[in-house]
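A structural walkthrough
The chain contents come next:
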Amino acid sequence: MEFGFGQDDEDFRAEARDWLAAHAEDATDRRSWERTLGAAGWIGLGWSASGYGNRTAGLTQQVVWAEEYARSAAPPRSGHIGENLLAPTLIAHGSDEQKSRFLPPIAAGEELWCQGYSEPGAGSDLAGVRTAAVREPDGRTYRVTGQKIWTSLAHEADWCFVLARTEPGSVRHHGLTFLLVPMDQPGRIEVRPIRQLTGTSDFNEVFFDGAHAEHVVGGAGNGWRVAMSLLGFERGVSTLAQQIGFAQELDGVVRAAVASGAVRDPVVRERLVRQWAELRTMRWNALRTLGGSGDAGAPSVAKLLWAGWHQRLGELAVQVRGATASVGPADWSAQSPYELDAAQHLFLFSRADTVYGGSDQIQRTIIAERVLGLPREPKGAV
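Residues numbered from 1 in each chain as written. Predicted model: local features only at pLDDT ≥ 70, side-chain atom pairs only at ≥ 80, totals over all residues. Heavy atoms only, no water.

What to know about the overall build of the chain
A count of helical and extended segments in the chain gives 11 helices and eight strands. For a compact globule of 382 residues, the expected C-alpha radius of gyration is about 21 Å, and the chain comes in at 22 Å, within 12% of that figure. Principal axes of the C-alpha set define a box for the chain whose edges measure 70 × 50 × 50 Å. Residue burial in the chain is summarised as follows: out of 382 residues, 45% are buried. Taking contacts inside the chain between residues at least 6 apart in sequence as the whole, the part at least 24 apart equals 72%. Here the chain displays about 18,600 Å² of accessible surface, and carbon together with sulfur accounts for 54% of that area. With 38 positive and 46 negative side-chain charges, the chain shows a spacing of 6 Å between the two charge centroids. (Helix = DSSP H or I, 4+ residues; strand = E, 2+ residues; numbered from the N terminus. Rg over C-alpha atoms; globule rule 2.2 N^0.38 Å. Buried < 20%, exposed > 50% of the residue type's maximum accessible area, 1.4 Å probe, protein only. Contact = heavy atoms within 4.5 Å. Areas by Shrake-Rupley, 256 points an atom, 1.4 Å probe, with all protein chains shown as cover. Lys, Arg positive; Asp, Glu negative; His and termini not counted. Charge placed at Lys NZ, Arg CZ, Asp CG, Glu CD.)

Next up, the structure:
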């Protein structure tokens with residue numbers, strides 16, 4: 001099956017590539033970079049029907065932008081959670097008031113978001129959330145109490161969309177509500193960074209102690225429907241951009257294998273070729289399902305494919321380096337206990353790929369129940 005882009009897409013690609021080349025190196029910090037992207041109209045490319053986006057871009061042009069961004073020297077995005085997850089959810093389920101309030105600041109790069117889903121004891125089992133929200137006497141405001149974990153960018157975010165239990169005594173996916181919570185609530189919200197194997201802290205614990213929330217998306221008690229809709233957006237255009245990054249990492253592993261002489265090992269060569277072939281297959285599968293295949297299992301299949309692939313690439317990255325892979329690029333110091341090179345970081349960080357975003361076990365259960373029609377997994381009461 002052959003996939004390609006039209007001339008309009010290639011013209012758009014040239015514009016995006018030129019703009020990124022001219023501006024990416026000028027980025028001083030991630031928040032100001034978001035405002036630069038917004039001012040130039042590069043945020044919200046897929047929102048044209050909502051009336052709140054910037055440029056009008058079709059699906060293929062959104063793919064082009066994501067690919068060129070991944071190829072560029074631009075810094076990692078801080079606004080992608082708001083742009084790619086919350087915004088499509090608001091367009092699908094939000095009120096006109098919510099769209100007019102939240103979409104323009106996201107498109108301008110002015111407000112950053114984080115996702116309050118996972119909890120201790122309910123990481124991939126989203127229906128097991130225990131964070132509670134109680135409606136205030138005014139009938140409009142909720143007070144949110146509980147804990148979320150593995151919350152990406154919570155230390156930078158202005159807002160958090162939170163899945164909370166609003167019906168006392170409800171279990172599983174019943175009685176949940178999708179709330180928009182402002183993060184600037186001293187004494188009511190505490191963010192604690194989580195140090196990872198890599199030595200960095202990309203994730204956080206977030207503690208809510210009576211935090212106020214006024215905005216409900218999709219209506220009280222309909223949180224599960226809204227949350228599932230959002231997870232569908234999570235596997236969209238960004239998957240193709242992710243694969244550009246994967247290809248760059250694979251190129252680095254191939255170069256390391258040549259430099260170390262490991263490429264002379266036929267087993268290593270077979271693994272390198274297999275990684276390349278599987279990456280091409282993932283791209284074709286992503287393009288096939290991009291427009292919406294109606295396959296309930298497609299997002300889970302995609303997650304299983306890339307998570308396992310990336311984890312195997314991390315293992316291969318250190319294998320081809322041999323014994324030198326166990327030595328860091330800098331000497332130990334009290335101020336910097338250890339540093340990692342790219343291969344070591346890839347190996348350690350990719351250990352989490354089969355867990356975050358829905359573990360492999362959860363993805364297989366979804367495929368078994370929703371696609372193959374197998375008996376549902378027994379669930380205990382929450």
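Next comes the rest of the description.
Some points on helix H5 (residues 96-107)
Compared with the 16 Å implied by 1.5 Å per residue over 12 residues, the 16 Å span of H5 between its first and last C-alpha is a close match. Inspection of H5 places Gln98, Lys99, Phe102, Leu103, Pro105, Ile106 and Ala107 among the buried residues, and these make up the whole buried set. Buried residues belonging to H5 abut helix H2 (30-39), helix H4 (80-93), strand E1 (113-116), strand E4 (159-165), strand E5 (176-182) and strand E8 (215-217). (Expected span 1.5 Å × (residues − 1).)

Here's the deal with the nonpolar core
Formed by 25 residues in total, the largest nonpolar core has its most connected members in Leu86, Leu90, Trp113, Tyr117, Phe161, Phe178 and Leu180. Every element with two or more residues in this core is listed here: H4, H5, E4, E5 and helix H6 (223-233). Element by element, the count of residues in this core is highest for H4, at five residues. Beyond its immediate sequence surroundings of up to four residues, phenylalanine 161 is in contact with Ile81, Leu85, Leu86, Trp113, Cys114, Gln115, Gly116, Tyr117, Phe178, Leu179, Leu180 and Leu230. Within the second largest apolar cluster, 19 residues are counted, among which are Ala256, Leu279, Trp306 and Ala343. (Core = buried A, V, L, I, M, F, W, Y, C linked by side-chain atoms within 4.5 Å.)

Some thoughts on the packing of aromatic side chains
Geometrically, a pair of aromatic rings is defined through the distance of the ring centres and the angle of the planes. Inspection of every chain in the model, using the stated rule, returns 15 aromatic pairs. Ring centres of phenylalanine 102 and tryptophan 159 lie 5.0 Å apart, and the angle between their planes is 80 degrees; this geometry places the pair in the edge-to-face category. Residue phenylalanine 102 is located in helix H5, and its partner tryptophan 159 is located in strand E4; the two are separated by 57 residues in the primary sequence. Per residue, the accessibility class of phenylalanine 102 equals that of tryptophan 159, and both read buried. Three or more aromatic residues joined by ring pairs make a cluster, and in this case those are Phe12, Trp19, Trp33, Trp42, Trp65 and Tyr69. The side chain of arginine 55 reaches across the aromatic face of tryptophan 42, ending 3.7 Å from its centre. A cation sits over an aromatic face here: lysine 303 above tryptophan 306, 5.1 Å from the ring centre. (Phe/Tyr/Trp six-rings, centres within 6.5 Å; stacked < 30°, edge-to-face > 60°. Lys NZ or Arg CZ within 6 Å of the ring centre and 35° of its normal.)

So, the state of the cysteines
This model, assessed by the stated rule, comprises zero disulfides. A disulfide-free cysteine, cysteine 114 has its sulfur positioned 3.6 Å from the sulfur of cysteine 160, the nearest such atom. Cysteine 160 gets classed as buried once you look at its relative accessible area, which sits at 1%. (Disulfide = S-S within 2.5 Å.)

Considerations on the side chain of glutamine 311
Tracing the chain through its elements places glutamine 311 in helix H9 (residues 298-319). By relative accessible area, glutamine 311 is classed as buried at 15%. Within the structure, glutamine 311 has its side chain in polar contact with the backbone oxygen of arginine 351 (distance 3.2 Å). Reaching out from glutamine 311, the side chain makes a polar contact with the side chain of threonine 354 at a distance of 3.1 Å. Contacts of glutamine 311, omitting those with residues within four sequence positions, involve Ser350, Arg351, Asp353 and Thr354. (Polar contact = N/O pair within 3.5 Å; in protein donor to acceptor, adjacent residues only side chain to side chain.)

Section: the pattern of salt bridges
Following the criterion strictly, the structure yields 20 salt bridges and no others. Notably, a salt bridge pairs glutamate 369 with arginine 376, separated by 3.5 Å at the nearest N-O pair. The exposure class of glutamate 369 is buried, given its relative accessible area of 16%. On the accessibility criterion, arginine 376 (64% relative accessible area) is exposed. Three or more residues are tied together by salt bridges with common partners; here these are Glu10, Arg13, Arg17, Glu67, Glu68, Arg71 and Arg283. (Salt bridge = Lys/Arg side-chain N within 4 Å of Asp/Glu carboxyl O.)

Digging into the pairing of strand E3 (residues 142-148)
Consecutive side chains along a regular strand alternate between the two faces of the sheet. As defined by bridge partners, strand E2 (residues 132-135) adjoins E3 across four bridges and the pair is classed as antiparallel. Across the sheet, arginine 135 pairs through a bridge with tyrosine 142, a residue of E3. Turn length for the E2-E3 hairpin, with the two strands adjacent in sequence and antiparallel, is six residues, and the turn residue glycine 139 shows positive phi of about 75 degrees. Here E3 runs beside strand E7 (residues 203-213); their pairing, made up of seven bridges, is antiparallel. Looking at the pairing, threonine 145 lines up with aspartate 209 of E7. (Pairing = 2+ DSSP bridges.)

Regarding the pairing of E4
Counting buried positions along E4 yields seven of seven residues, so the element is predominantly enclosed. Because side chains alternate across E4, one face comprises the buried residues Trp159, Phe161, Leu163 and Arg165, and the other comprises Cys160, Val162 and Ala164, equally buried. Where E1 lies against E4, four bridges are found, and the strand directions are parallel. Following the sheet pairing, glycine 116 is matched in E4 by valine 162. The pairing of E4 with E5 spans seven bridges and is antiparallel. Bridging across to E5, arginine 165 finds its partner in leucine 176.

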